[in-house]
Amino acid sequence: MSITLPSGLSPDAPVIAPHVTLTSVSEEVSSRVLIDRAPLWWWVGFGISFALLIVLVVQMAWLFINGIGVWGVDIPVAWGFAIAEYVWWIALASGGTIVSALFFLTRSPWRSATNRIAESMLLSAAPCAGLMPIMHLGRPGLFYWLFPYSNVMGVWPQPRSPLWWDFICLICYIIMSVFYYYTGILPDLATVRDLAQTKRKRILYGILALGWRGSAAEWQNQRVVYAIMSAIMAPMVVSVHSVVGLDFAAGLTPGWHDTQFSPYFYFGAIVSGTAVIVMLTILVRWGYNLQDVLTEYHFNAMAKLILVGSLMLMYAYVWESFGPMYGSGVAEKTEYYQRIFGFTSPAFWAEKVLTVVIPQLLWFPFVRRNQLLLLLICSGIIVGMWQERYVFVISSLAHNYMPSSWGVFYPTFWDWAALAGTIGLFLTLFFLFLRFAPIVSIAEVREIIEQEKSK
Amino acid sequence: MKSLFGIIATFDTPDAVRDAARQLRQSGFRAFEAYTPYPVEGLAEIIHPGPKRFLPLLMFGAAIVGAAWGYWIQYWGEAFNYPLNVGGRPFNSWPAFVVGTFEFMLLVAVAAGFVGMLAASRLPKLYHPIFEADAFERASRDRFVICVESTDPRFDADLIRREFALLGAERIEEVRA
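Everything numeric in this text was worked out from a predicted model, so none of it was measured.

A. Main features of the pattern of salt bridges. Residues and elements named next belong to chain A. Enumeration over the complete set of coordinates arrives at 24 salt bridges over all chains. Between R32 and E28 there is a salt bridge, with the nearest N and O atoms lying 2.9 Å from each other. Residue R32 and its partner E28 are both found in helix α1 (residues 22-34); the two are separated by four residues, about one turn of the helix. R32 sits in the buried class, given a relative accessible area of 15%. Using a relative accessible area of 38% as the deciding quantity, one classes E28 as partly exposed. A salt bridge links R369 to E296; the shortest N-O distance between them is 3.9 Å. Residue R369 is found in helix α12 (residues 365-369), and its partner E296 is found in helix α9 (residues 296-326); the two are separated by 73 residues along the sequence. When salt bridges with common partners are traced through the structure, they connect E320, E335, R339, E351 and K352 into a single cluster.

Below you can see the structure in the form of structure tokens.
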């Protein structure tokens, strides 16, 4: 059975506004990078982000001096915000790869103008994810012991542990994402190099472009490698987020010990990752005046993706309640009861409303094309997703097998500072990408322009 | 006087550049290259015919090497160099090693693809004689450029100029480097 959503756009609606030409897209997008003074909104955004980044630095200093006791983590809730936010950040990053790699393989036209935003987002979010577990270590300075490097101690990391799998997945994911990003951006850097007016910029972008000439041979090599990389990145990101799920599924804690965790996490990644991409696309479109390149077509397509993701997430939520009810474990049932009626209940119900109920508005075409509504729905999804991660991490630990050792979690000021600080790190990195790298894949948009012409 | 690198012509549509490349090939030229703002379909097959299996095979080979490396690291540490009895589980607990093996496999494949792509395209190479041509600059924006290089045995500047003019080139010039 197939359902076709009425889009409200005519079937041959332009992906890119018809008056955009090869010349104009190249010059417009490059000029945002080559401009001498960044616009005021950029400085305001960057300033706020940088202030939040300083919060992170102060938070980390305080944390490293005093130990993780400054957070609200304790026994029984030994995993607090840091782990919940680790999952949250890596989900946002994974969403970027899904949009970029999966929809390259399907040759979706809307991916061409948004993939760079998605990749810049993922490269900004992945370090935030990586920082969280490191901050959560008792001795963060020794995190490199997780690398399987040859050492004189004769001690190796323990590859039977999902926590090590997690580390390997994350580190491989970040390195591979950099390769993937760079392979895609190389032709655009050459465009910027050829348009640069000052000598410093010519040298900078000349070096970054590695001497790319756009010859037929280069394009052929680039496209072959890029296609194979996409085919690798798409399953790779499933594995990354599934392994994050295995961290929990392999624990014996009630509420975690469940085979559904991998797909459950992955569905969440699709929804929250696409939601943050939509928000950033609205920012880029408005800030950089790229209304002709980032059109309603893109919002319509991404909103549909969010809708599909939220339906899949709904399925996972149904299973989340069906599992404990159907199984015979008393602890599982009790934990679930506490999760929905205990101290986590406000976050639990809010999360369901924000991530699967409100996004149902996206069935209506006018909502999918209204940027204000999209902005509200997407921020709701991102907040809801954070609450979801928070609820299952905290509630399960707080309601373990022994009722006598149940507990409650109270976040401290430094917990919130870590959240605000990583948001600062994310936004700082994203604003730097906005300033110094073409934020729309110029080469791929050129292809779309030619396709539109021949339509 | 700088030596002649080749004759360059710009075209304003992808179809024109494809026709030009086909025509040059039929006239017997071999040392020519097209520079385009995006990959023009069919162009690479005209200029560089023949199967292109190097990069896919390289990435496949790298994937095998990466998988072997990933498994070996875990096997070496857990079963060989420092065997640790964890609840009586076998030292070589291969199901637990699958994740690490998988990730290393993909990492090495992607890294090899990136390095292979650069090597196959002779990059990084910050200077190339084609950069001397004024007309070349727009190849990274909105023009489709073909350059017949002087190393071609059939190279004849006047003949090539005439041929380009017949093909409807927008602009024809010499590249000296």
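B. View of the interface of chain B and chain A. Between chain B and chain A, the residue contacts involve 59 residues of the former and 55 residues of the latter. For the pair chain B and chain A, the summed buried area comes to about 5,000 Å², and 71% of that belongs to carbon and sulfur atoms. Counting the contacts that link chain B with chain A gives two salt bridges. Its salt-bridge partner being R141 of chain B, residue E27 of chain A comes within 3.8 Å of it at the nearest N-O pair. Along the contact surface separating chain B from chain A lie 19 residue pairs in polar contact (both at pLDDT 80 or more). Elements with a contribution of two residues or more to the side of chain B that touches chain A: β2 (32-35), α2 (43-47), α3 (54-81) and α4 (94-120) of chain B.

C. Layout of the sheet that holds β2 of chain B. Residue and element names in this part refer to chain B. Read from one edge to the other, the open sheet built from four strands follows the order β2-β3-β1-β4, with strand pairing classed as antiparallel. With one partner strand each, in any of the chains shown, β2 and β4 (171-176) form the two edges of the open sheet. Each neighbouring strand pair of the sheet contributes to a mean axis angle of 20 degrees, computed without reference to strand direction. Sheet topology places strand β1 (residues 4-11) next to β4; six bridges connect them, and they run antiparallel.

D. Examining unusual backbone geometry more closely. That bond from I75 of chain A to P76 of chain A is cis: its omega, 10 degrees, falls within 30 degrees of zero. Note that P76 of chain A resides in the loop between α2 (40-66) and α3 (81-105). Along the chain, L123 of chain B connects to P124 of chain B via a cis peptide bond; the corresponding omega equals -10 degrees. Looking at where P124 of chain B falls in the secondary structure, it is placed in the loop between α4 and β3 (144-149). Phi is positive for R107 of chain A, which is not a glycine, with a value near 55 degrees.

E. Layout of α3 of chain A. All names here are of chain A. Between its terminal C-alpha atoms α3 stretches 36 Å, which fits the 36 Å expected from 25 residues at 1.5 Å a residue. Across the 25 residues that make up α3, a large majority, 23, are buried. Among the residues trailing α3, R107 stands out with phi positive, at a value near 55 degrees.

F. Representation of the packing of helix α8 (residues 261-287) of chain A against α9 of chain A. Residue and element names in this part refer to chain A. Closest axis-to-axis distance for the α8/α9 pair is 8 Å, and the angle between their directions is 155 degrees. For the element pair α8 / α9, the angle class is roughly antiparallel. Read as a crossing pair, α8 and α9 show a hand that is left-handed. For the pair formed by α8 and α9, the contact residues are Y264, F267, G268, I270, V271, T274, A275, I277, V278, T281, I282 and R285 on the first element and F299, M302, L305, I306, G309, S310, M312, L313, Y315, A316, Y317 and E320 on the second. Taken together, the residues that form the contact of α8 with α9 break down as 17 nonpolar, five polar and two charged.

The rules behind each value
- Residues numbered from 1 in each chain as written.
- Chains lettered and ligands numbered in written order.
- Predicted model: local features only at pLDDT ≥ 70, side-chain atom pairs only at ≥ 80, totals over all residues.
- Heavy atoms only, no water.
- Salt bridge = Lys/Arg side-chain N within 4 Å of Asp/Glu carboxyl O.
- Helix = DSSP H or I, 4+ residues; strand = E, 2+ residues; numbered from the N terminus.
- Buried < 20%, exposed > 50% of the residue type's maximum accessible area, 1.4 Å probe, protein only.
- Contact = heavy atoms within 4.5 Å.
- Buried area = accessible area lost by both parts, 1.4 Å probe.
- Polar contact = N/O pair within 3.5 Å; in protein donor to acceptor, adjacent residues only side chain to side chain.
- Pairing = 2+ DSSP bridges.
- Axes fitted to C-alpha atoms, helices over the stretch in contact; angles between N-to-C directions.
- Expected span 1.5 Å × (residues − 1).
- Parallel < 35°, antiparallel > 145°, perpendicular 65-115°, else oblique.
- Left-handed = near helix turned anticlockwise from the far one by under 90°.
- Nonpolar A, V, L, I, M, F, W, Y, C, P; charged D, E, K, R; others polar.

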